[in-house]
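Chain and residue survey
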Amino acid sequence: MLFDEVLDQVGEFKKYQIRCFLLSQYMVLMLGFGVTMLPVFILATPKHRCAIPGINDTWAIQDDDHELLLNQTIPPGSQCTFFDFQDNGTEKPCALWVYDNEIFRPSAVEEFNTVCDRKIYRAVTNMVYFMGLLCGGLVGGQLSDRFGRRVVIYVAVFPFVIASNGMAFSPNIFVLMACRFVQSTCCMSYFAAALVLLMELTGRKRRSMIAPMTDAVFVCGYVLMTLPAYYIRNWRYLTLTVGVFQLPLVGLGWFIPESPRWLMTMNRKEEAEKIIQRAAHVNGRKIPKNILDSVDAHVSKEEGNFLQLLKYRATGVRLIVFGVNWAAASTVYYGLSLNAGNLSGNIFVNVALLAAIDLPAAMFILFAPMKFGRKRTHAFSFLLGGTACLATILVVVFGREVTWAYQFLSIIGKFGAAAGFASVYLFTMELHPTALRSQSLGFCSMCARIASLCAPFISDLGTYMPGRFSEAMPLIVFGLLSVIAGLTSFFLPETHNRPLPASIEEARNFGRRSKHPTSNKRDTGDKNNMVEL
């Protein structure tokens, strides 16, 4: 018997799985609510200029004398230099700055003065977040496959909550960076383990729902983030508010079960049997006792070695393709999100629009893969988003006062990136064997995070290069990455309505059609000769 056939009897996505889904999704909600997009607000760079030496200077002009002194001391349009009349009017870099507090009162950028020659710290702080995601994907994947999905879910919560609340008390930008690193490492470990657990608890016909539904929960948190950010303009109060909402996470891990699929691969059949029987009871189903006795799913130590995937051409090529796709998805998604603060117009409106477009993207991935297949849906998502971003070249060449065009094309690009990101999660887990599923997800996540280290710098390209292409250049780079990802995805096999592979051999032969009839039973549907997990 296949494990998926056991889930058919238990219920593919009934009350028990729904309860597990809801318990695990509070972290995902918090990931969108106060983790991923928080820097858009707390690291926003307000308008600023050098403080005039010798007076109690302010950004707002106080009177005519202040305006005259300002015109004499600050070079026209300069944010980082002033004329030092004590040194014969020599133009010098700022030692102090004044800021426009119309929107933020203050942001972390203002409080730590990460502007001008120190503005690199803003991008580095965002980069540190992606370094944490990289470490979380690698370490969390290894721990999840070795010690279990539930252990990682529970253990990762405590340092996450501490770091999230500790950010509000950061005395300098370096402590803030350290808290962001711990926060992102733990949330990525949790997220990957929870997503794999949910996929392994769900039957094959409903499995494609998990990634887009999880993405929709993330988006809800993302959209909700704009509300406290709009009303709480002080970055410390905003960060602390978000941290308080994350406190309930500490107790939720107790109520999440272990993955019975993983327990089977570890030869812990009795524990897996208890979970399956419990799930059937909650779902109102009656199943035979010891139903898992007919499922031989134990995996050897060699099968649990991630490097074994690189020995074969099929699995090795897929890893490369997935690495490219994950790298593009992460860079474009987060890059466009962070770029919301650099677009013309109201920052809160831009963030809300770029967040809201993730909801139709999640709905698209919820239904389109079941209708058109994973492969075509995935490729279409990236190519649509990439084409939209590249279309900004036409806006620059032919446009006149078309601020709305950049916003519109950014939204379409974000739709494609969000849909591609949701589908690549599903695709990755359906093509890799159970004993290596978390490690494969961790490897792909590593590729994504290494590439996304560049996302903050790409988003800030416009601030480094003057001219007509300044606002369009980030979108052009993101468009190229999306198109490359869309084209490479055609090398992947279709996974729709296919059982999850249990072993490396099954993953290697996934989608392969052999000339020998007896070796092609996977494609003909003869499941009695397969051991699937």
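Below, the structure is looked at part by part. (Residues numbered from 1 in each chain as written. Predicted model: local features only at pLDDT ≥ 70, side-chain atom pairs only at ≥ 80, totals over all residues. Heavy atoms only, no water.)

Moving on: the side chain of Glu12. Among the secondary structure elements, Glu12 is positioned in the loop between helix H1 (3–10) and helix H2 (15–34). For the buried Glu12, no salt bridge exists, and the shortest N-O distance to an oppositely charged side chain is 4.9 Å, to Arg206. Those residues within four positions of Glu12 in sequence are excluded, and the remaining contacts are Leu7, Gln17, Leu201, Thr202, Gly203, Arg204, Lys205 and Arg206. (Helix = DSSP H or I, 4+ residues; strand = E, 2+ residues; numbered from the N terminus. Buried < 20%, exposed > 50% of the residue type's maximum accessible area, 1.4 Å probe, protein only. Lys, Arg positive; Asp, Glu negative; His and termini not counted. Salt bridge = Lys/Arg side-chain N within 4 Å of Asp/Glu carboxyl O. Contact = heavy atoms within 4.5 Å.)

All right, on to the pairing of strand S3 (residues 90–93) then. Relative to S3, strand S2 (residues 81–84) runs antiparallel, the two sharing four bridges. Bridged to Thr81 within S3 is Pro93. Count of turn residues in the S2/S3 antiparallel hairpin: five residues, of which Asn88 carries a positive phi of about 60 degrees. (Pairing = 2+ DSSP bridges.)

Here we come to the environment of Glu258. As for its placement among the helices and strands, Glu258 is situated in the loop between helix H12 (249–252) and helix H13 (260–265). The sequence separation of Glu258 and Arg150 amounts to 108 residues, and the corresponding C-alpha distance is 5.1 Å. In this structure, Glu258 is in contact with Phe147, Gly148, Arg149, Arg150, Val151, Leu197, Leu263 and Ile275, ignoring residues within four places of it in sequence. In this structure the side chain of Glu258 is engaged in a polar contact, spanning 3.0 Å, whose partner is the backbone nitrogen of Arg149. From its side chain, Glu258 meets the backbone nitrogen of Arg150 in a polar contact 3.2 Å long. (Polar contact = N/O pair within 3.5 Å; in protein donor to acceptor, adjacent residues only side chain to side chain.)

This part covers H1. An α-helical segment advances 3.6 residues per turn. Residues three or four places apart therefore align on the same side. For H1, the complete set of buried residues consists of Phe3, Asp4, Val6, Leu7 and Val10. The arc that holds every buried residue of H1, seen down its axis, measures 150 degrees, which confines them to one face. Trailing H1 by a residue or two, Gly11 shows a phi angle of about 120 degrees, which is positive. (Arc of directions from axis to C-beta.)

Glancing now at a nonpolar patch on the surface. On the surface, a cluster of nonpolar side chains totalling about 480 Å² of accessible area is made up of Leu138, Val139, Leu143, Phe147, Val151 and Val155. Secondary structure elements with two or more residues in the nonpolar patch: helix H6 (120–147) and helix H7 (149–166). With four residues, the single largest contributor to the nonpolar patch is H6. (Patch = residues over 30% accessible without salt bridge, like charges linked within 9 Å, V, L, I, M, F, W, Y side chains within 5 Å. Areas by Shrake-Rupley, 256 points an atom, 1.4 Å probe, with all protein chains shown as cover.)

Residues Arg105 and Pro106 are joined by a peptide bond in cis, for which omega reads -15 degrees. Among the secondary structure elements, Pro106 is positioned in the loop between strand S4 (97–99) and helix H5 (108–112). One non-glycine residue with positive phi stands out, namely Asn267, at about 60 degrees. With respect to the element layout, Asn267 can be found in the loop between H13 and helix H14 (269–282). For Asn290, which is not glycine, the phi dihedral falls at a positive 55 degrees. Along the chain, Asn290 turns up in the loop between H14 and helix H15 (313–338). Overall, the relative accessible area of 48% leaves Asn290 in the partly exposed class.

With 17 residues, helix H18 (residues 374–390) should cover 24 Å at 1.5 Å per step; its first-to-last C-alpha distance of 25 Å lies within 8% of that length. Those residues of H18 that sit buried are Arg374, Thr377, His378, Ala379, Ser381, Phe382, Gly385, Gly386, Ala388 and Cys389. (Expected span 1.5 Å × (residues − 1).)

A few words now on a positive patch on the surface. Taken together, the side chains of Lys14, Lys205, Arg206 and Arg285 make up a positively charged region of the molecular surface. Structurally, Lys205 can be placed in the loop between helix H8 (173–201) and helix H9 (210–224). Residue classification places Lys205 among the exposed residues on the basis of a relative accessible area of 51%. (Charge placed at Lys NZ, Arg CZ, Asp CG, Glu CD.)

Two side chains bearing opposite charge may form a pair once their charged atoms approach each other closely. Per the stated rule, a full pass over the model turns up eight salt bridges. Between Lys92 and Asp84 there is a salt bridge; the shortest N-O distance is 3.0 Å. Judged by relative accessible area, Asp84 falls into the buried class, the value being 15%. Because the salt bridges share partners, they merge into one network encompassing Asp145, Arg149 and Glu200.

Our focus in this paragraph is empty space enclosed by the protein. On inspection of all chains with the given rule, the structure shows five cavities of 30 Å³ or more. Approximately 260 Å³ is the volume found for the largest cavity. Every residue lining the largest cavity is counted, 20 residues in all, and those nearest its centre are Phe191, Asp215, Phe218, Tyr334 and Tyr425. Those elements giving two or more residues to the lining of the largest cavity turn out to be H2, H6, H8, H9, H15 and helix H20 (403–430). Here the residues of the lining of the largest cavity sort into 16 nonpolar, two polar and two charged. (1 Å grid on protein atoms, 1.4 Å probe; cavity = no way out; pocket = protein on both sides within 12 Å on 5 of 7 lines; lining within 4 Å. Points joined across faces, edges and corners; volume = space filled by probe spheres on them. Nonpolar A, V, L, I, M, F, W, Y, C, P; charged D, E, K, R; others polar.)

A few words on the nonpolar core. Taken as a class, soluble globular proteins show a tendency for nonpolar side chains to be buried jointly. Among the nonpolar cores identified, the biggest contains 146 residues, and Phe41, Trp326 and Tyr425 are the most heavily contacted of them. Here the element with the most residues in this core is H8; it accounts for 18 residues. (Core = buried A, V, L, I, M, F, W, Y, C linked by side-chain atoms within 4.5 Å.)

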